[in-house]
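# Observations on the model geometry
Spelled out, the chains give:
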Amino acid sequence: MPTRQPTRIRPRRTAGDLAAGLGALVVLVALVGGVPYALLRLAGPPLSPELLHLNLLTSQVGTSMIVAILVLLVWLAWFQLTVCVIVEIYAGLRRVGMPARVPFSGGTQMLANRLVSAVLLLFTVSAVVVPIVRPTAAPAARPATAAASVTTPEAEERAPLVHVEKARKVYVVQPPHGRHHESLWEIAEKCLGDGRRYPEIYRLNQHKEQPDGSRLHMADLIRPGWVLDMPDDARNVHVVPATQQRGETLKDHPGKPAELDGHTQDISTRGADLPGESRTESRPEARPESRSGDTADGGRREPYSTKDTAKDTPEEATRDTGGQQQGLELLDYLAGASLAAAGLLAALGRRRRQQLWHRAFGRRIVRPKDDAAKAEVALRLGADAPGSRMLDIGLRLLGRSLAAQKRIPPTIYAAHLSAQSLDLWIHPPAPEAPAPWSAHDGGQVWRLPAHEGRMLDERSLSEAPAPYPGLVSLGSNGEGRVLVDLEAAHGLISLSGPQTTAALAALAVELATNRWSDRMTVTLVGFGEELTVIAPERIRYVETLAEVLPELEARAEERGQGGDVLTGRIQGRAAEPIWPPHYVLSALVPSEEEGHRLAVLARKGVRTAAGYVVAGQVPHATWNWEITEDGRAKVDALGFEVDAQLLPRRHYRALIDLFETAGRFDGESMADRPEPVPATASVEVRVLGPTEIAGPEPMEEGRATLAVELVVYLATHPGGVHPVVLGGVLWPRGVQAAVRDATIARVVDWLGTDGAGRPNLYADEAGRFRLGPEVRTDWMVFRDLVRRSHTDAGVRAVLLERALNLVRGPLLNGRPRGRYAWLADDDLEYDVTAAVADAAHRLCEIRIEEGDAGRAVAAVRAGLLLAADDEGLWRDLLRATHLTGDQERLRTVVEALHRRAAAQQGGGGMAPETEALIDELLPSWRMRSAPSA
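Definitions and cut-offs
- Residues numbered from 1 in each chain as written.
- Predicted model: local features only at pLDDT ≥ 70, side-chain atom pairs only at ≥ 80, totals over all residues.
- Heavy atoms only, no water.
- Pairing = 2+ DSSP bridges.
- Helix = DSSP H or I, 4+ residues; strand = E, 2+ residues; numbered from the N terminus.
- Axes fitted to C-alpha atoms, helices over the stretch in contact; angles between N-to-C directions.
- Contact = heavy atoms within 4.5 Å.
- Buried < 20%, exposed > 50% of the residue type's maximum accessible area, 1.4 Å probe, protein only.
- Arc of directions from axis to C-beta.

## Examining the sheet that holds strand E3 (residues 167-172)
- Taken together, the three strands give an open sheet; going across it, the order is E4-E3-E5, and neighbouring strands pair in antiparallel fashion. Edge strands, defined here as strands with exactly one partner in the open sheet, are strand E4 (227-230) and strand E5 (238-241). Across the sheet, the axes of successive neighbouring strands diverge by a mean angle of 45°, strand direction being ignored.
- Relative to E5, E3 runs antiparallel, the two sharing four bridges. Bridged to Arg 168 within E5 is Val 240.
- The sheet contacts of helix H6 (residues 184-192) involve E3 and E4, and relative to E4 the element is tilted by about 50°.

## Examining helix H17 (residues 592-602)
- Looking only at H17, the buried set comprises Glu 594, Gly 595, Leu 598, Ala 599, Leu 601 and Ala 602. Summarising the axial view, the buried residues of H17 lie within an arc of 165°, below the 170-degree limit, and thus occupy one face. Facing away from the buried surface of H17 by more than 90 degrees, the exposed residues are Glu 592 and Glu 593.

## Details of the pairing of strand E19 (residues 610-615)
- The element E19 is largely enclosed, with a buried count of six among its six residues.
- Alternating positions in E19 separate into two faces, Ala 610, Tyr 612 and Val 614 on one and Gly 611, Val 613 and Ala 615 on the other, with burial throughout.
- Examined bridge by bridge, strand E14 (residues 492-496) and E19 share four bridges and lie parallel to one another. Counted as the bridge partner of Leu 495 is Ala 615 from E19.
- Sheet topology places strand E17 (residues 582-586) next to E19; five bridges connect them, and they run parallel. When the bridges of E19 are listed, Leu 585 appears paired with Val 613.

## Some words on the pairing of strand E9 (residues 421-427)
- For E9, a buried count of seven out of seven residues is recorded, marking the element as mostly surrounded by other parts of the structure.
- Of the two faces of E9, the one carrying Ser 421, Asp 423, Trp 425 and His 427 and the one carrying Leu 422, Leu 424 and Ile 426 are both buried.
- Here six bridges tie strand E8 (residues 411-417) to E9, and the two strands are oriented antiparallel to one another. Bridge assignment links Ala 415 to a residue of E9, and that residue is Leu 424.
- Connecting E8 to the antiparallel partner E9 that follows it, the hairpin turn spans three residues.
- Bridge analysis of E9 against strand E11 (residues 445-449) gives five bridges, and the strand direction is antiparallel.

Shape is all these values report; function is a separate question.
Right under this line is the structure:
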């Protein structure tokens, strides 16, 4: 495929810049050098003889005395200006950040700042260097400009955004890292390309109220969580409606944090790193030569294994003692990989449902601990399920539409997913895209707007095949996720740099769990043996390339050219994909012979249902990827340079531990923690279904989400929570103490006082926040009723029925995406599911003993509202429904159970005891469920 070679824009000074700089230089020389020269020639030194006379204070004031005083004032003004100029020059040349403030020199220092800034442009340029492509060769790489810097004028001209209302740009001040705090200078340098433009940001935000209620009064006093209005040419910022208030949630906008009340999240679209953060990974020293079996990182092959802890470098061992910093690292990497996080979370959900399917009565499923729990928190925070869905359904719809029009599908070599749209960069250009896609940039970009993607009907496309399964995330570019198609390389892809194994692990995880592929095989060479626990049906591991090369060559020979892969795919079915793709990811540097065989195998000149990514500098590679030490990914043929998606060793181990925990079926005992239940309640917190806070007046919508989550957390942790811990729970990426305390204060006011005048939220003597004695939760009442049912057999059924009547749906149903991530590291979700299922089982047994089949069915269905994946409850439902004597109703339950089992367990079927029960109660069910010939 012809491609354009990337080049870079070199910063250039315009004629206006030169003229302004020369003029400013002349003015500075005149003021700093000319003024004192003129004063010395015309008026004399600063202190004239009249001012040095001994009777200065008692003598009569004459004309000469007035002139002497005026001359002294001019000298003082010149001295003040000179000091301001020196301060501004020092700040500009040394890039120390915000220049020091010279006392009593507001206007003078501003004048000095403008003059010095203009003069420095003659000698230094701080324009941002962005990758572009030359306007030559084939047009395939033109959209690479948009990938690297969508906000350039050229990109905006080619791919204009469609605004439905007037918008403005804002920046969310990030939390401190160690002792480093953001300044307006750094924000101006990051977003405007020149730190000396910080006064523009200051003037836009001066005296405007911030989310925590404070205002900007001094340019060097800004706080994390503040939302700053930015100039129109700012980059790496949010784009929001002009009417949106600073305290409102940034919904459907790039880099949206869940709350602006101090909630700090990455500013790039869909989970890239925080501005200013760098990604580092320790690595072995590179060796000058590599042999077959060597890794690209330099040493002999060492399995990328959870068991291989002794091989961690000293830097990793140091990081592993960092406590909270470790959690932040997990958040930075795993939450930043938003599409991979969505796939991993879906796979984990399937595994959890299998655990529930086999849960033993009286035990809950196993909860992850330590790093595994932190990894799940990160996945919940970063998972972009809507984006993953739009990518999946959008591509399947595209394939079906092209098949209906009998068109040959174009090559999609890359994609860009943002909050506004899904862009596909295609070759050759096609100016007519099937609806709802639209063509841009002369047909080189096909775009699906986000609002159109959200309206696509997933059910109608369930049988549509996935036409582009090789799309995988390369990284993020500040505007969204950048994906490349491994098959579009039409050859071998070489991957070099100090973090190749981390990059390969990230590719493997996303390929194995994404939803925009049907059946596929991912072969890992020399690393990732444990990744089979995540997706055993997709991933396999071999130790050397020699083990897999004969098989690959035989398969390629069998298929031959075989026609067009894309056309075959779109005309097939999802359940029976044409030529299931096979992707090979090798952490081993191939020998010369292996490299030649791979190049011949991969370089067919046409698309094949295969992709090959090999570590090291490999001859004859079609694409060369480089992962730099600071975590940047560069693709030479496409002109991309983005923040790479990586999975370092510790994060890899955490994921493996998480999935291994989800594969345990032994379960854990539930701890019984009795709590006093208040007889009367001024505030009711309901979590057994949709979240509700009854009692206080509704809070304003922009702040309600965070306030409700705070109350729910305190209500489910009655022992009290320290404010620092509470801040870490609600703002996992960090928050300033003032913002946290202001949020708590608002909730204190919102909840008010109880009947005795006591606050419903207060701090105890130890400084922990607790809810008052008249705050009650439905979970608290549920456990109390179940506990009492154990001791009083006479009213056991009544108490259990009252407990189950509290269940209104799944736990915290409808919670916002990205919130309540702390559930992954908490017992609540596991305890509630097991307790509700067990209560429903007990009540069902009681009703069956009483001969009341109808009420037994009602008891089970009440439990299934919350624990829908508990197979024990489904067996109870089968028995209870059978006792009603309604065969059609029983058949309906069996068919529903059969569908659920097939969906939740990947077609693996039900537990043997469940099938045996169905055979006993409804022997004809297998005939009805058998597929037709």
